[in-house]
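# Structure at a glance
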Amino acid sequence: MRLGKLIEKSEVAVRAEGAWKSLEVDRIVYDSRAAGENSLFVCIRGFSSDGHAFAMRAYEAGCRAFLAEARLSLPPDAAVLYCDNTRIALAAVSAAFYGFPARDLTVIGITGTKGKTTTALMLAAILNENGIPTGYIGSNGVDFAGNHYETKNTTPESLELQYDFDRMRAAGCRAVVLEVSSQALYLERVHGIRFEAVAFTNLAPDHIGGVEHPTFEHYRDCKKKLFDSYGATFAVGNADDPATAYMLKDCAALCSSYGIGQGDFHAEDITPFCEDGELGVEFTLCHFAERQTVRLPMPGEFSVYNALCAAALAHLFGVGIAQTAAVLARTFVRGRFEVVKTPLPAVFIIDYAHNGFSLERALTTLRAYHPRRLVCVLGSVGGRTVGRRAELGEAVSRFADAAILTADNPDFEDPLAVCAAMREAFVRDIPCETFADRAEAVKFAVETAKRGDIVLFAGKGHEQYQLIRGGKIPFSERKLIENAAARALVQTGGKQ
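Okay, the overall build of the chain next. Secondary structure summary: the chain contains 15 helices and 23 strands in total. Computed over its C-alpha atoms, the radius of gyration of the chain comes to 24 Å, within 12% of the 23 Å expected for a compact globule of 496 residues. Across its three principal axes, the chain shows a C-alpha extent of roughly 80 × 55 × 40 Å. For the chain, the proportion of its 496 residues judged to be buried stands at 55%. Of the contacts formed within the chain by residues at least 6 apart in sequence, a portion of 65% connects residues at least 24 apart.

Right, dumping it as structure tokens:
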């Protein structure tokens, strides 16, 4: 595509000189390492680096078309287009480059501190099984029409997002469920996308400080943008969360609600169950005069909230609560209260709980199943979110019977130092072991588990890697648990 045509279609206002319009562009990049001949390099200001500083590297790789905010010093044969905001421009030119694929999809966005992933995957399963081919994009990667690949961020950068939309459209998808993070709204990754329906799950302090949001209010207001600025026809809110009123204030969409005991879609008669190593919850889903029993293979009141939100959104697209209940009964979400079945008499659960709020909620939920011991294996990310360490240490010491502290994406930081910071925050003295190697921690947790124990592996969730010194090392918590359980069974002669 000619650069002039691309800019015209994107409607980005640029300032430029020279004969740039005839340049051919067959690729858009914002990483200079991916630049080359016929590419358009968009200079993005990041938290740790500035793309403007890498423009010469892109030029040396053969790139001759640049989109920038600040003045670039490049040879005269480089075409530099200047705009006010390259993040917005990246979103606009990416959409134009791929032929505005989001316009051919029903886009459903879900935001909130917790519950986005599970709710989004529940909804995608419901819609797919009820005749609406639907894709999913979020923390658990990208899924559509039998395809799956991982993502770097909960909500990918706008360029990758438009690429994903284009692939989904080509595969016959009619809808996409998108987890919309506060960072995505802050950094304009979803700029220009019209959402047909949006939903709010809940709000609690998270992603605050360091390179993320400067204040809680900033974090909250970034999420609110989804309900104010993206043209949604429908909005769904959690009737039990006090932040919902703020989120939906002045929202022009047609609003509905969900909750426990209140809301257009609400739950009654919530009953936990534990059978054959499976934990879950059963409840009655009520929508005005309709009532439907739902049996979720996921534990906890928060799982009920996620199911209610998914049911409310599915109903907007013609799926009744009976059809929704049938799909929910067989829907599992990787890394979200995922039960790992083993021949051992203990229950092993993988979950993404990685801050104090989510860990407390996970542990109190499991306590309701009256385990002999509630053991928690956890770490905290190195190099950022330092404030989480104290809240994680406090939560595990308050609500678990024993803790195993270990690595969780330590990157360049010493995992033992991170563990020490969590240990210092303990408010109750409980048995505690520390392992620098998470694989050793998993092995120890499985080998020492006894009949009636529940062991929660918190933090990694769906992730299939450990981030160590800048590299992603393959790491499957599920496989480690299964292998350790098999070895433990052999060592005990099958007696547990």
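Read on, since the account is not over.
A few words on the side chain of T342. Its location among the elements puts T342 in the loop between β16 (338–340) and β17 (347–351). Among the polar contacts made by the side chain of T342, one reaches the main-chain amide nitrogen of L344 at a distance of 3.1 Å.

Let us now look at the packing of aromatic side chains. Under the defined criterion, the tally for this structure stands at ten aromatic pairs. With a centroid separation of 6.1 Å and 65° between ring planes, the pair formed by Y98 and Y163 is classed as edge-to-face. Linking Y98 in the loop between α3 (86–97) and β5 (106–111) with Y163 in helix α5 (residues 158–170), this pair joins segments that are 65 residues apart in sequence. On the numbers, 5.3 Å between centres and 45° between planes, the contact of F435 with F444 is tilted. In this structure F444 comes out as partly exposed when scored by relative accessible area, which is 26%. Ring pairing ties together the aromatic residues F97, Y98 and Y163, which thus form one cluster.

Right, let's get into helix α9 (residues 301–316). Under the 1.5 Å per step criterion, the end-to-end length of α9 is 23 Å for 16 residues, consistent within 8% with the ideal 22 Å. For α9, the tally of buried residues reaches 13 of 16 residues, placing the bulk of the element in the interior. Just downstream of α9, G318 is the residue with a positive phi angle, here 90°.

Moving on: the pattern of salt bridges. Throughout the structure, instances matching the rule amount to 29 salt bridges. In this structure, E282 engages R295 in a salt bridge whose closest nitrogen and oxygen atoms are separated by 3.2 Å. Of this pair, E282 sits in strand β14 (residues 278–287) while R295 sits in strand β15 (residues 290–296); the two residues are 13 residues apart in sequence, bridging distant segments of the chain. Look at E282 and you get partly exposed, because its relative accessible area is 30%. Judged by relative accessible area, which is 31%, R295 ranks as partly exposed. With a shortest N-O distance of 3.9 Å, R423 and D429 are connected by a salt bridge. Beyond isolated ion pairs, a larger network of salt bridges with shared partners links R45, D50 and E69.

Turning to α5, a few remarks are in order. Look at α5: 18 Å from first C-alpha to last across 13 residues, which is about the 18 Å you get at 1.5 Å a residue. Where α5 is concerned, the buried positions are S158, L159, L161, Q162, D164, F165 and M168. For α5, the secondary structure elements touched by its buried residues are β1 (27–29), α3, β6 (134–138), β7 (141–144), β8 (147–149) and β9 (175–179). G172 occupies a position one or two residues after α5 and carries a positive phi of about 95°.

Read across the open sheet, the four strands follow the order β1-β2-β3-β4; overall the sheet is parallel. Of all strands in the sheet, those with a lone pairing partner are β1 and β4 (79–82), marking the two edges. The mean angle between the axes of side-by-side strands here comes to 20°, regardless of whether they run parallel or antiparallel. Bridge analysis of strand β3 (residues 65–68) against β4 gives four bridges, and the strand direction is parallel. The residue bridging L67 from the neighbouring strand is L81, located in β4.

One pass over the full model with this rule turns up zero disulfides. You can see C222 has no disulfide; the closest cysteine sulfur is in C251, sitting 17 Å from it. The structure places no disulfide on C419, whose sulfur is separated from the nearest cysteine sulfur, that of C432, by 8.1 Å.

Further remarks concern unusual backbone geometry. Even without being glycine, E11 reaches a positive phi, approximately 65°. Note that E11 resides in the loop between α1 (3–10) and β1. Within the chain, D269 stands out as a residue other than glycine whose phi angle is a positive 55°. Of note, D269 is situated in strand β13 (residues 265–275).

Another aspect to go through is the nonpolar core. Counting 43 residues, the largest nonpolar core has L123, F283, L285, L296 and L313 as the members making the most contacts within it. Ranked by the residues each element gives to this core, the list is headed by α9, at ten residues. Counting 31 residues, the second largest nonpolar core, distinct from the first, contains L105, C173, I193 and L248.

Time to look at the sheet that holds strand β21 (residues 454–458). Sheet architecture is open: six strands sit in the order β16-β17-β21-β18-β19-β20, paired in mixed fashion. Since the sheet does not close on itself, it has two edges, and those belong to β16 and β20 (432–434), each with one partner. Adjacent strand axes in the sheet meet at a mean angle of 20° when their direction is disregarded. Alignment of strand β19 (residues 402–405) against β20, held across three bridges, turns out to be parallel. Its bridge partner lying in β20, L405 is registered against T434.

The rules behind these values
- Residues numbered from 1 in each chain as written.
- Predicted model: local features only at pLDDT ≥ 70, side-chain atom pairs only at ≥ 80, totals over all residues.
- Heavy atoms only, no water.
- Helix = DSSP H or I, 4+ residues; strand = E, 2+ residues; numbered from the N terminus.
- Rg over C-alpha atoms; globule rule 2.2 N^0.38 Å.
- Buried < 20%, exposed > 50% of the residue type's maximum accessible area, 1.4 Å probe, protein only.
- Contact = heavy atoms within 4.5 Å.
- Polar contact = N/O pair within 3.5 Å; in protein donor to acceptor, adjacent residues only side chain to side chain.
- Phe/Tyr/Trp six-rings, centres within 6.5 Å; stacked < 30°, edge-to-face > 60°.
- Expected span 1.5 Å × (residues − 1).
- Salt bridge = Lys/Arg side-chain N within 4 Å of Asp/Glu carboxyl O.
- Pairing = 2+ DSSP bridges.
- Axes fitted to C-alpha atoms, helices over the stretch in contact; angles between N-to-C directions.
- Disulfide = S-S within 2.5 Å.
- Core = buried A, V, L, I, M, F, W, Y, C linked by side-chain atoms within 4.5 Å.

Any functional reading would require information that these geometric values do not contain.
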